[in-house]
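Working through the structure, step by step
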Amino acid sequence: MEGKKLYTLLVYSENVAGILNQVTAVFTRRQVNIESLNVSASSIPGVHKYTITAWSDEDQIIKITRQIEKRIDVVKANYFTDEQLFIREAGLYKLQTDLVMQNPEVSRTIRRHDAKITEVNPTYIIVMKSGRTEDIISLYRALDEFGCVLQYTRSGRIAVTRGTQEQVSEFLADREKANGERK
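Described below are features of the structure shown in this document. (Residues numbered from 1 in each chain as written. Predicted model: local features only at pLDDT ≥ 70, side-chain atom pairs only at ≥ 80, totals over all residues. Heavy atoms only, no water.)

**Regarding the overall build of the protein**
- Counting its regular elements, the protein contains 6 helices and 9 strands.
- Counting only residues that meet the buried cut, the protein has 40% of its 183 residues in that class.
- The contacts of the protein with a sequence gap of at least 6 include a subset with a gap of at least 24, amounting to 75%. (Helix = DSSP H or I, 4+ residues; strand = E, 2+ residues; numbered from the N terminus. Buried < 20%, exposed > 50% of the residue type's maximum accessible area, 1.4 Å probe, protein only. Contact = heavy atoms within 4.5 Å.)

Put into structure tokens, the structure is as follows:
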């Protein structure tokens, strides 16, 4: 991965079946692996937001972004570095109850990592942590050293820009103004 860095693409589209396949196909054609993908409704009615992370160099990520924007149902696409975004993920850890109860250091580790125990039963304990990717992975590694992890997963990245509104809001306002002037 020499010369590559992790980029986050924020893609806004209309809620149309098949658009996710079109967006991921752009990465496939350029042989770029998607590290994480999260799709949800955005703050704009009728517009969905795709948060996609991928390791790439800037030239390639620019080309990918332009190709995605050419899709008919895509409203706007931008790429960002981590410094330009507020980023969070969630991690879920299923731990073996008897091992956790036998070793008080496991509970201390959970508290030190600012995670929350969300369920306890005789078989397993569910722990949840939200934060940056490295924080989620760090807790996993710490818990794994105790040999108590039964299952572990983390979500895709969610992100918002550091600006006051979604960049697509500005784009849509400009487009609406231009359409109004043409009439």
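**Here's the deal with the packing of helix α1 (residues 19–29) against helix α2 (residues 58–69)**
- Orientation of α1 relative to α2, taken along the N-to-C sense of each, is 150 degrees, at an axis distance of 10 Å. Considered as vectors, α1 and α2 are oriented roughly antiparallel to each other. With respect to the hand of their crossing, α1 and α2 are arranged in right-handed fashion. Two secondary-structure elements touch here, α1 through Val-23, Val-26 and Phe-27 and α2 through Ile-64, Gln-67 and Ile-68.
- In terms of residue class, the contact of α1 with α2 is made up of 5 nonpolar, 1 polar and no charged. (Axes fitted to C-alpha atoms, helices over the stretch in contact; angles between N-to-C directions. Parallel < 35°, antiparallel > 145°, perpendicular 65-115°, else oblique. Left-handed = near helix turned anticlockwise from the far one by under 90°. Nonpolar A, V, L, I, M, F, W, Y, C, P; charged D, E, K, R; others polar.)

**Overview of the packing of aromatic side chains**
- One pass over the full model with this rule turns up 3 aromatic pairs.
- Centroid distance Tyr-140 to Tyr-152: 4.3 Å. Interplanar angle 25 degrees. Geometry classified as stacked. Here Tyr-140 is found in helix α5 (residues 133–144), whereas its partner Tyr-152 is found in strand β8 (residues 149–154), with 12 residues between them in sequence.
- The class for Tyr-152 is partly exposed, based on a relative accessible area of 28%.
- Here the aromatic residues Tyr-93, Tyr-140 and Tyr-152 are joined through ring pairs into a cluster of three or more.
- Positioned over the ring face of Tyr-124 is Lys-94, at 4.4 Å from the centre of the ring. (Phe/Tyr/Trp six-rings, centres within 6.5 Å; stacked < 30°, edge-to-face > 60°. Lys NZ or Arg CZ within 6 Å of the ring centre and 35° of its normal.)

**Re a positive patch on the surface**
- A cluster of like positive charges, contributed by Arg-29, Arg-30, Lys-63, Arg-66 and Lys-70, occupies part of the molecular surface.
- Lys-63 sits in the partly exposed class, given a relative accessible area of 44%. (Patch = residues over 30% accessible without salt bridge, like charges linked within 9 Å, V, L, I, M, F, W, Y side chains within 5 Å. Areas by Shrake-Rupley, 256 points an atom, 1.4 Å probe, with all protein chains shown as cover. Salt bridge = Lys/Arg side-chain N within 4 Å of Asp/Glu carboxyl O. Lys, Arg positive; Asp, Glu negative; His and termini not counted. Charge placed at Lys NZ, Arg CZ, Asp CG, Glu CD.)

**Quick notes on the sheet that holds strand β1 (residues 5–14)**
- Taken in spatial order, the 4 strands line up as β2-β3-β1-β4 in an open sheet, and their pairing is antiparallel. Either end of the sheet is taken by a strand with one partner, and the two such strands are β2 (34–41) and β4 (74–80). In this sheet, neighbouring strand axes are inclined to one another by 15 degrees on average, regardless of whether the strands run parallel or antiparallel.
- Across 10 bridges, β1 lies against strand β3 (residues 47–56) in antiparallel orientation. Among the inter-strand pairings, Leu-10 is bridged to a residue of β3, identified as Thr-51. (Pairing = 2+ DSSP bridges.)

**Looking at the packing of helix α4 (residues 104–112) against α5**
- The N-to-C vectors of α4 and α5 enclose an angle of 175 degrees; their axes lie 10 Å apart at closest approach. By the angle class used here, α4 and α5 are roughly antiparallel. Residue-level contacts link Val-106, Thr-109 and Ile-110 of α4 to Leu-139, Ala-142 and Leu-143 of α5.
- Considered class by class, the residues forming the contact of α4 with α5 number 5 nonpolar, 1 polar and no charged.

**A word on α5**
- Over its 12 residues, α5 extends 17 Å from the first C-alpha to the last, a length consistent with the 16 Å expected when each residue adds 1.5 Å.
- Where α5 is concerned, the buried positions are Thr-133, Ile-136, Leu-139, Ala-142 and Leu-143.
- On its buried face, α5 is in contact with β5 (85–96), α4, β7 (124–131) and β8. (Expected span 1.5 Å × (residues − 1).)

**Some points on the pattern of salt bridges**
- Applying the stated criterion across every chain yields a total of 7 salt bridges.
- Across the pair Arg-157 and Asp-82 runs a salt bridge whose closest N-O atoms are separated by 2.8 Å. Remark: Asp-82 occurs in the loop between β4 and β5 and Arg-157 occurs in the loop between β8 and β9 (158–161); sequence separation between them is 75 residues.
- Taking the relative accessible area as the measure of exposure, Asp-82 reaches 30% and is therefore partly exposed.

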